Amino acid sequence: MEKIFKLFVFLFLITIISNAHVFAFNRSSNESFFLATVPPTVVSPLYLCQNSVAVPLTASPSGGGTLNWYLTNLPTEIPSAIAPTPSTTIVGSTTYYVTETIGGIESTPRTPIVVNVVADTGAIADIFRCDATQVTTSTSVFFDWSHVVGRTGNSYDYSYSIQGGPTVFGNTFLSGQEVFGVQPGQSVTFTILTVMGLPCYPTQTLVCSLPCVTTTTPTFSPIIDSYCINDVPSILPTTSTNVTPITGTWNPSIINTSTAGTIDYTFTPDPMLFPCALTQTLPVTVTPLVTPTFTTIPAIVCQNDPAPLLPLNSSNTTPINGTWNPAIVDTSLLGPVTYTFTPDSGQCTSATLTTAIITIDQVLTPTFTAVPAICSGDILTPLPTTSNNGITGSWSPALNNTTTTTYTFTPTAGQCATTTPLTITVNQKVLPTFSPVSAICSGAGLAALPTTSINGYTGTWLPALDDTVTTTYTFTPTSGQCATTATLIITVTPNVIPNFVDMPICSGSVAPVLSSTSPNGITGTWDPPAVDNMNSGDYVFTPNAPQCATTKTIKVTVNPSNTLVSIAWDVTDAFSKNQIITISVNGTGSYLYQLDYGPFQVSPTFENVASGIHSITVKEINGCSTPITENNVLVIGYPKYFTPNGDTYNDYWNIYELKDQSDVRIYIFDRYGKLLKDITPLGLGWDGIYIGKPMPADDYWFTVKYVEKGSVKEFKSHFTLKR
């Protein structure tokens, strides 16, 4: 506080002096003139936090003085009347200058203002605490903190408030401050505002309290805590009834009865006068005005039924008590009667009284239109749930369209009506009868079916008559008759085709006899009745009645006899890769060809025939000529390999097909052309021995000269010896 006071006195003197020019007086000449203008008052240095929002610089001119602002101290700089706003983006120190002009005379030299932009280091007081060990009185609290790192001096501006009271400002060069005048139960909010040389300091706040030795609970005379909505509430007392009355305030301050519900009203003692008094809470319930409702009173009572009791308690969640006028229901007189309910006093009920109207109705018998009799299974339309005289209700049992049933109508509760019976007659359906229809053959035609049954029911048949397949026909009675559908099966026997087949015969042969019974058992007659063995023709078989069979026509073909005269053949050249035998026939007709004992074929050509002696056979396709066989068909080839392993099978290699040419010689060579053996087709052949030693498995070459078709030919090739 002393430091602040000295600063205030200093600034006051500067202000007084700055309001005058420096004055000089010349005694010898009795002249006076102004020498200079006093400079403006400034605060320097200034500390700004980096990137903080800066404001224009300020200076205090003398009375009537005009400020001149400079960015440098250069004499050539032209001043500005607008104060500059320092930049805070870069950490560092910048000097600005200011003068003032009075009566056209500018102060000199220029007054510097040093602006220091300081980086935000986040520095705070690491320790900031309440320290009860340093208090000097029983009515004070002590705030203790550590010096902030980076400060330029031990100077802390602070503020505090006791129990929310007036804020007190101060400065200290210590790292602690004691606050006096604190009562038990009161708290002090203390804030460190600034630290010298640390413009980025964020301020720190701490609350320290002086504990209560004892506490007091405020007491009050009984306060009404239950109201009906919009009742006039009592006034909440602001002074308790304790021996030492406690003053305070209520929140809310006035009881509000305009809204239904329960609200807590809290009494808070004056924190300055009674810091150790406790708060007190008063729940106040506002009940809405309720209209009594009754759910058990019937709207309609049937004449002379037992009278219902009028309840003295309503059906509301919180029942309303009261009385009725009239108090008893009279069911002997027809018509409506109004009964009025009056609530007992002391309940939150609406001003409008609740009434109930009870109507005494006459008891009626429901009437319905009779339902015509139906046939069993016909659709029954649901019975009406409202009678002809307006009574609603339900029927039992469920509708049954298969048997005559009496149904009972039960009126819906609340209507003055009795039960009523209704009988619906159900006539059972009769099966129409018809004479059976005999089976027919397919395509024999059908007479129209009768549209009236033997037992007198008319109707129609479906599907349309079909004389080609066995069909079940359905008779549907004309509507309005209690008759069921009937079925009639007409059997249609399919026509069987006699399974005779066409016959080829040889001309002049014994004519076959035409059988009167087909292989599948159909009997009948032929036209013509006998076969002509010299001419081809058609023969028609007609089945005997009453068989379900169709006529059958067969063709008897008479083929010429003994058309095969002779055959010849041709074989490809000896040693050909694909040996082919081609047979030629001397004769007319169609023939089949056979090689050795193989199958007969239509083609006269046989390919890839093995070497050796073969037989060929030719026969007429219908068997009308004697077959011809030739057994001396020679195909000349050579074995592709032999296996001289002593098992008596394929132990020798030779060309046996040339045995009929006695002067033929066969020469055998190795792969290098060395003659190993010469043999004749009349001998066994080569056994794979050369000079008493078996030759290895390999390919060996041979040459042979032979006569074919009158010419001498030579053939060379090779074969394989396998071990």
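Predicted model only: the values in this text are computed from it and were never measured.

What counts as what
- Along each chain, residue indices are assigned from 1 in the same order as the chain's sequence is written.
- A pLDDT threshold of at least 70 governs which residues receive local features in this predicted model, and a stricter bar of 80 or more applies before side-chain atom pairs are shown or counted, although totals over entire chains, interfaces and linings include all residues.
- Heavy atoms throughout the structure, all of them, feed into the side-chain values; hydrogens and water do not.
- Strands were regarded as paired on the criterion that DSSP finds at least two bridges between them.
- We count a stretch as a helix when DSSP gives it H or I for four or more residues in a row; a strand needs E for two or more, and each element gets its number in order from the N terminus.
- In this analysis, axes come from line fits to C-alpha atoms, helices being fitted only over the stretch in contact, and the angle between any two N-to-C directions falls in the range 0 to 180 degrees.
- Only one rule defines a salt bridge in this text: a Lys or Arg side-chain nitrogen within 4 Å of an Asp or Glu carboxyl oxygen.
- Residue burial is assigned from relative accessible area. The probe radius is 1.4 Å, only protein chains are included, and a residue is buried under 20% of its type maximum, exposed over 50%, and partly exposed in between.
- By convention, a stacked pair of Phe, Tyr or Trp rings (six-membered ring in the case of Trp) has centres within 6.5 Å and planes under 30 degrees apart, an edge-to-face pair has planes over 60 apart, and any other such pair is tilted.
- Each ring is checked for a lysine NZ or an arginine CZ that lies within 6 Å of its centre and within 35 degrees of its normal; such an atom marks a charge sitting over the ring.
- What pLDDT conveys is the predictor's confidence in a given residue, as a value from 0 to 100.
- By definition, residues are in contact when any of their heavy atoms lie within 4.5 Å.
- Here, two cysteine sulfur atoms that lie within 2.5 Å of each other are counted as a disulfide.

**Q** Honestly, the sheet that holds strand β21 (residues 335-343) in this entry has me stumped. Any pointers?
**A** Sheet strands line up and pair through hydrogen bonds in the backbone, either parallel or antiparallel. An order of β19-β22-β21-β20 is seen for the four strands of this open sheet, with the pairing classed as mixed. Lying at the two open borders of the sheet, with one neighbouring strand each, are β19 (300-302) and β20 (322-325). Adjacent strand axes in the sheet meet at a mean angle of 25°, parallel and antiparallel pairs treated alike. Pairing of β19 with strand β22 (residues 354-361), which is carried by three bridges, proceeds in the parallel orientation. Residue pairing across strands places Val 301 opposite Ile 360, the latter belonging to β22.

**Q** Honestly, the pattern of salt bridges in this entry has me stumped. Any pointers?
**A** Side-chain pairs of opposite charge can arise whenever the charged atoms involved come near each other. One pass over the full model with this rule turns up six salt bridges. Note that Asp 698 and Arg 671 form a salt bridge whose closest N and O atoms lie 2.8 Å from each other. Of this pair, Asp 698 sits in strand β48 (residues 698-708) while Arg 671 sits in the loop between β44 (666-669) and β45 (675-679); the two residues are 27 residues apart in sequence, bridging distant segments of the chain. Look at Arg 671 and you get partly exposed, because its relative accessible area is 46%. Residues participating in the shared-partner salt-bridge network are Arg 129, Asp 131 and Asp 144.

**Q** Could you clarify how one ought to interpret the packing of aromatic side chains in this entry?
**A** For any pair of aromatic rings, the description rests on two quantities: the centre-to-centre distance and the angle between the ring planes. Under the criterion given, the structure shown has 36 aromatic pairs. Taken together through their ring pairs, the aromatic side chains of Phe 575, Tyr 638, Phe 642, Trp 653, Trp 686, Tyr 700, Phe 702, Tyr 706, Phe 715 and Phe 719 make up a single cluster. Positioned above the aromatic ring of Tyr 641, the side-chain terminus of Lys 722 is 4.4 Å from the ring centre.

**Q** How should I be thinking about the sheet that holds strand β33 (residues 503-506) in this particular structure?
**A** Overall, mixed pairing links the four strands, which are arranged β33-β36-β35-β34 in an open sheet. Every other strand in the sheet has two partners, leaving β33 and β34 (524-527) as the edge strands with one partner each. Here the strands of the sheet are splayed against their neighbours by 25° on average, with no regard to which way each runs. One ladder, built from four bridges, connects β34 with strand β35 (residues 537-543); its direction is antiparallel. Along β35, the bridge assignment pairs Asp 527 with Val 540.

**Q** What is the right way to read the confidence of the model for the protein chain from this model?
**A** Detailed conclusions should not be drawn from predicted coordinates in areas where pLDDT is low. Averaged over every residue, the pLDDT of the protein chain is 90; residues scoring 70 or more account for 95%. Below pLDDT 50 for its whole length, residues 1-34 participates in 38 contacts with residues either more than four positions away or in separate chains.

**Q** I'm lost on the state of the cysteines in this one. Help?
**A** Such a bond, covalent and formed between the sulfur atoms of two cysteines, is termed a disulfide. Applying the stated criterion to the full structure yields eight disulfides. In this model Cys 302 forms its disulfide with Cys 416; the gap between the sulfur atoms is 2.2 Å. On the S-S bond that ties Cys 302 to Cys 416, the torsion sits near -110°, and the link is left-handed. Taken together, the residues Cys 302 in strand β19 and Cys 416 in the loop between β25 (405-411) and β26 (420-424) connect sequence positions 114 residues apart. Between the sulfur atoms of Cys 506 and its disulfide partner Cys 624 the distance amounts to 1.8 Å. Of note, the bridge from Cys 506 to Cys 624 carries an S-S torsion of about -95° and is left-handed in sense. Residue Cys 506 is located in strand β33, and its partner Cys 624 is located in the loop between β41 (612-620) and β42 (628-635); the two are separated by 118 residues in the primary sequence.

**Q** Looking at this model, I keep getting lost on unusual backbone geometry. Mind explaining?
**A** Where the residue is not glycine, phi is negative for most of them; where a peptide bond is considered, it is trans in most cases. The amide bond that connects Asn 325 to the next residue, Pro 326, takes the cis arrangement and shows omega of -10°. Position of Pro 326 relative to the elements: it lies in the loop between β20 and β21. A cis geometry characterises the amide bond from Ser 396 onward to Pro 397, with omega recorded as -5°. Of note, Pro 397 is situated in the loop between β24 (393-396) and β25. Residue Asn 51 is not a glycine yet carries a positive backbone phi of 70°. Relative to the elements of secondary structure, Asn 51 occurs in the loop between β3 (46-49) and β4 (66-70). Despite not being glycine, Thr 203 has its phi angle at roughly 75°, a positive value. Relative to the assigned elements, Thr 203 resides in the loop between β13 (187-195) and β14 (204-209).

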